[in-house]
Structure formats: structure tokens, C-alpha cells
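Below are the chains, spelled out letter by letter.
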Amino acid sequence: MRGAGLTWLAWDNVRHSWRSQAATALAVGLSTAFVVVVLALAGGLSRAVEDSSARPLSTADVVIGCDAQQGPCPPAGALLKVVADVPGVGAAAADSLSYRRADGNEVNVVFGPVLPEPLRYDRLTAGTWPVAGRAQVALEADTAQALGAGVGTSLTLTDPVGGKAPHTLEVVGLLESQGLGAGRGVSGLEDGAEGSTVLLSAQDPDQAPALARAVGDALAAVGTVADPQDPSRTYDLGAAQVLTGEQARQDAVARTTQNADSSSQVLLVFAMIAVLLSVAIVSTTSQVTLRRRTRQTGLLRCTGATTGQVRRLLVVESALVGIASGVLGLLLSLPAVMVLLTATGICRDAGEALGTVTPASAASALVLAVVVCVLASLRAVSAAART
């Protein structure tokens, strides 16, 4: 038995014994599907976290921030006064996020201020933008649906953190939903001045590094300023972190992906446990199945087949079962990926969810299924070949 003849005989054996191979195929298929889902979930989560963390900085050419571990952060209002006189600045705005809760609803919404048009990173899909200083708000479409709100309706928001008085705002616009994380909105009553982040657009985006240096020099020249509300408290403007938009986005992604990577590692541990369980199942079922085929292997030996030829035949059978199991696992994983990633908000739709199943992960799943079937059956194959 050589080459094509060996493969054909192995395929014929698998085809006629599919009932006895069903348990193996199902066990390996389920574990393969679980691995594919975990890889898709890890990839989708990592990409969603990266997009979510970098998106608020996506329109900025220069970002002024603060490291709270190095001292108190200067208020954004003080930073804005300085950068307004720096040549080359196109637009400047303070950006901060505030948590609010709709009255009578448990949905938390993260609100930011209305930014100048060059710095807006939200996309308006209906209605109009809120006017700064007015009791108006624009909500993500998914958030508005969860709150039962729409353009033209009113919404009373409370402050569960700071304890500020509730405000009733008119919903004037809807924003494109981002999927992952808390609901988001833009409020005309948020000014961002209490935060410590300032976004800048450059008149010439190609000069962003030079503008960042000029802004840093201007802040260092001003040095220490007193808090207008508490003169005994001072801030060192020169200690503020001035980064180009690209640098700030890279730093934001690096900080937030650490948690996503930890979650992915935990999921991969569970995937490996599932693989080990399938190895145990395949090993047991292989021993039972091959014991029932003692007569067949004996006949092969009587007709001149060597122990090595019988062993290769049984290994090829295991590999064919592995391929079938891998295909089954991929077919089972696709609907699971679509449901899981869209239900959790990691992906916006089924098409985006399916995009997380990469050719590399699909090929890895097929290889894994074949390796599991072959390795788990080696002991039983060796015993059967000696019959």
C-alpha cells in the first residue's frame, strides 16, 4: 500500500465507519469551534478597545495632557489661555468626559463637550449638533434607543458621581453608535474646562511636531499659575505633557490594550482546557474503535502489509477525521462568532463580526484539529498495528 492507494483505503474506511467516528469528530469539532471563537473574540476585543481609546484623539494634531503621578494636573482652562496665542494653532478645545444617568433609568451615559468642527470625532447621523451653553444634547443612536429618547424629546440627567443638580436637556441630534463601552453623548452644558486634556488642530497638519514643541515652550515659559478658585493652590503648566496626535493615540492604545490582552489570555486558557478534554475523548474512542477492527488489521497483515504500512493507514484515517472535525468546527464557530460579538457590542454587525475570523485563525483551527486527532490516537494506532 503506497501513496494514493493508502489514502483511498483510509478514506473508504472512514466513510464506512463514520458512525463510530462521530464522537471523535464532534468532540474535536466543538473544541476547534471554541478556539476559533476565542481567537475571534480576542481579536475583535483588541481592535474595538484600540478604536475606542484612540478615537477621542483621532482629529487632534497636538494633545496636551497630564500625568497625575507627577503632581496636580492644571485645569484645561489655564492651558487654553496660553495655547490661544501660539502661532500655527487652528482650533483648540478642552475635552473631558462626565458620567450622567437618565432620571428613572439605569443607563449611564458618558458626555463630552461640543467641540469645534475640526476637532469633532463623533459623526452626526440625524438632527443637529447641540449649541454650546444651551440645554441641548446629541446621543448615540443605540443609547437614545435604550433611553426611549429621540430627536425633539427631553431628557433629565442626574450626576451620580459629583452630586450636581439634575438638568433637563432637549435631544437635538443622534450620533453614530460605536458599539463598545458605555453610551455616549455630546452636551451643550459640558465645557470640558474642569478636565486636563486639550485638543489642538494645526493650521498645517504636517507641522504637528513643530507645533507641539512650540506649545511646550509656551507652557514652560508661563511656568506656575495659581488656581482662580483657590489661590493657595498652584499648577506648573510646564509639567503638562505635550504630544503630537499620533503619539497620544499610540500611548492611549498601549495603556488600554493591557487589560484586553489579559482577558484574551484567560480565554485562551479555557480554550486549551477544551482542547485537552477533546484529546482525552479522542484517545478513549480511538482505543475502543480500533479494538473492534482487530480482524481487519489482522487480514491486512496476512495479505502482506507491514506493521509500518498498517500504522500509516490508521494515521491517515485519523488525519482525515481531523480535517472533517476542523471543517465542522469552523462551520459551528461562524454563527457563534456573529451572535457573540454583535450581542456584546464588540462589532456593529454580522459582517464585521465574521471579519474577525481571519484566514490565519481558520487555518490554525484546521491544523489543530488534525494534530489533536493524530496525536490522541497514536497510542491506539501503535497497539492496533502490532495486532
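Definitions and limits used
Residues numbered from 1 in each chain as written. Predicted model: local features only at pLDDT ≥ 70, side-chain atom pairs only at ≥ 80, totals over all residues. Heavy atoms only, no water. Helix = DSSP H or I, 4+ residues; strand = E, 2+ residues; numbered from the N terminus. Buried < 20%, exposed > 50% of the residue type's maximum accessible area, 1.4 Å probe, protein only. Contact = heavy atoms within 4.5 Å. Areas by Shrake-Rupley, 256 points an atom, 1.4 Å probe, with all protein chains shown as cover. Expected span 1.5 Å × (residues − 1). Arc of directions from axis to C-beta. Core = buried A, V, L, I, M, F, W, Y, C linked by side-chain atoms within 4.5 Å. Pairing = 2+ DSSP bridges. Polar contact = N/O pair within 3.5 Å; in protein donor to acceptor, adjacent residues only side chain to side chain. Axes fitted to C-alpha atoms, helices over the stretch in contact; angles between N-to-C directions. Phe/Tyr/Trp six-rings, centres within 6.5 Å; stacked < 30°, edge-to-face > 60°. Lys NZ or Arg CZ within 6 Å of the ring centre and 35° of its normal. Patch = residues over 30% accessible without salt bridge, like charges linked within 9 Å, V, L, I, M, F, W, Y side chains within 5 Å. Salt bridge = Lys/Arg side-chain N within 4 Å of Asp/Glu carboxyl O.

### Regarding the overall build of the protein chain
Next, step 1: When its secondary structure is counted, the protein chain shows 10 helices and 13 strands.
Next, step 2: Here the protein chain holds 387 residues, and 43% of them are scored as buried.
Next, step 3: Excluding contacts between residues fewer than 6 apart, the proportion of contacts in the protein chain whose partners are at least 24 apart in sequence is 78%.
Next, step 4: In the structure as shown, the protein chain presents an accessible area of about 19400 Å², 58% of it carried by carbon and sulfur atoms.

### Observations concerning helix α5 (residues 208–222)
Next, step 1: Between its first and last C-alpha atoms α5 spans 21 Å; for 15 residues at 1.5 Å apiece the expected length is 21 Å, and the two agree.
Next, step 2: Residues of α5 that are buried: Ala208, Leu211, Ala212, Val215, Ala218 and Leu219. Buried residues along α5 cover an arc of 125 degrees about the axis, so they all sit on one side. Away from its buried face by more than 90 degrees, α5 exposes Arg213, Asp217 and Ala221.

### Topic: the nonpolar core
Next, step 1: Ranked by internal contacts, the top residues of the largest apolar core, which has 20 residues, are Ile64, Leu79, Leu200, Leu211, Val215 and Leu219.
Next, step 2: Among the secondary structure elements, those contributing two or more residues to this core are β1 (62–65), α3 (76–83), β2 (89–94), β10 (198–202) and α5.
Next, step 3: Beyond its immediate stretch of four places on either side in the chain, leucine 219 contacts Ile64, Leu79, Val82, Leu237, Gly238, Ala240 and Val242.
Next, step 4: Core analysis: the next-biggest nonpolar cluster, separate from the first, contains 16 residues, Val36, Leu330, Val337 and Leu341 among them.

### Observations regarding the side chain of arginine 184
Next, step 1: Checked against the element boundaries, arginine 184 lands in strand β9 (residues 183–187).
Next, step 2: Overall, the relative accessible area of 10% leaves arginine 184 in the buried class.
Next, step 3: Here arginine 184 is in contact with Leu97, Val109, Val110, Gly112, Tyr121, Asp122, Leu139, Glu140 and Thr143, once residues within four sequence places are set aside.

### Observations regarding the pairing of β10
Next, step 1: Where burial is concerned, most of β10 is hidden: 5 out of the 5 residues are buried.
Next, step 2: A two-sided burial pattern is seen for β10, the buried positions comprising Val198, Leu200 and Ala202 on one face and Leu199 and Ser201 on the other.
Next, step 3: The sheet contact formed by β1 and β10 spans 3 bridges and is antiparallel. Across the sheet, residue isoleucine 64 finds its bridge partner in β10, namely valine 198.

### Here we look at α3
Next, step 1: Those residues of α3 not exposed but buried are Ala76, Ala78, Leu79, Val82 and Val83. Down the axis of α3, the smallest arc covering the buried residues is 160 degrees, so these residues share one side.
Next, step 2: Check the buried side of α3 and you find it contacts β1, β2, β10 and α5.

### Comments concerning the environment of threonine 156
Next, step 1: Relative to the elements of secondary structure, threonine 156 occurs in strand β7 (residues 154–158).
Next, step 2: By relative accessible area, which is 27% here, threonine 156 ends up partly exposed.
Next, step 3: For the pair formed by threonine 156 and arginine 100, sequence separation is 56 residues and the distance between their alpha carbons is 9.6 Å.
Next, step 4: Polar contacts involving the side chain of threonine 156 include one to the side chain of threonine 168, which spans 3.1 Å.

### Description of the sheet that holds strand β13 (residues 241–244)
Next, step 1: Pairing within the open sheet is antiparallel, and its 4 strands lie in the order β2-β10-β1-β13. Lying at the two open borders of the sheet, with one neighbouring strand each, are β2 and β13. Going across the sheet, the axis of each strand differs from the next one's by a mean of 20 degrees, ignoring polarity.
Next, step 2: Against the sheet, α3 makes contact with β1, β2 and β10, and its axis sits at roughly 170 degrees relative to β2, the strand it touches most.
Next, step 3: The strands touched by α5 are β1, β2, β10 and β13; relative to β13, the strand with the most contacts, the crossing angle is about 170 degrees.

### Some words on the side chain of serine 98
Next, step 1: Along the polypeptide, serine 98 turns up in strand β3 (residues 98–102).
Next, step 2: Judged by its relative accessible area of 15%, serine 98 falls in the buried class.
Next, step 3: Dropping the residues within four chain positions of it, serine 98 is found in contact with Val109, Val110, Phe111 and Glu190.

### Quick notes on the packing of aromatic side chains
Next, step 1: Tallied over the entire structure, the rule returns 0 aromatic pairs.
Next, step 2: Over the ring of tryptophan 129 we find arginine 120, and its NZ or CZ is 4.6 Å from the ring centre.

### Remarks on a nonpolar patch on the surface
Next, step 1: Among the surface-exposed residues, Phe34, Val266, Val269, Phe270, Ile273 and Leu277 lie close enough to one another that they form a single nonpolar patch of about 560 Å² accessible area.
Next, step 2: For the nonpolar patch, the element with the highest residue contribution is helix α6 (residues 245–291), accounting for 5 residues.
Next, step 3: Within the secondary structure layout, leucine 277 lies in helix α6.

### Some points on the environment of glutamate 190
Next, step 1: With respect to the element layout, glutamate 190 can be found in the loop between β9 and β10.
Next, step 2: For glutamate 190, a relative accessible area of 14% translates into the label buried.
Next, step 3: The spacing of glutamate 190 and glycine 133 is 57 residues in sequence and 7.8 Å in space, taken between C-alpha atoms.
Next, step 4: If we skip the residues at most four places from it in the chain, glutamate 190 touches Ser98, Arg100, Phe111, Gly112, Pro113 and Val114.

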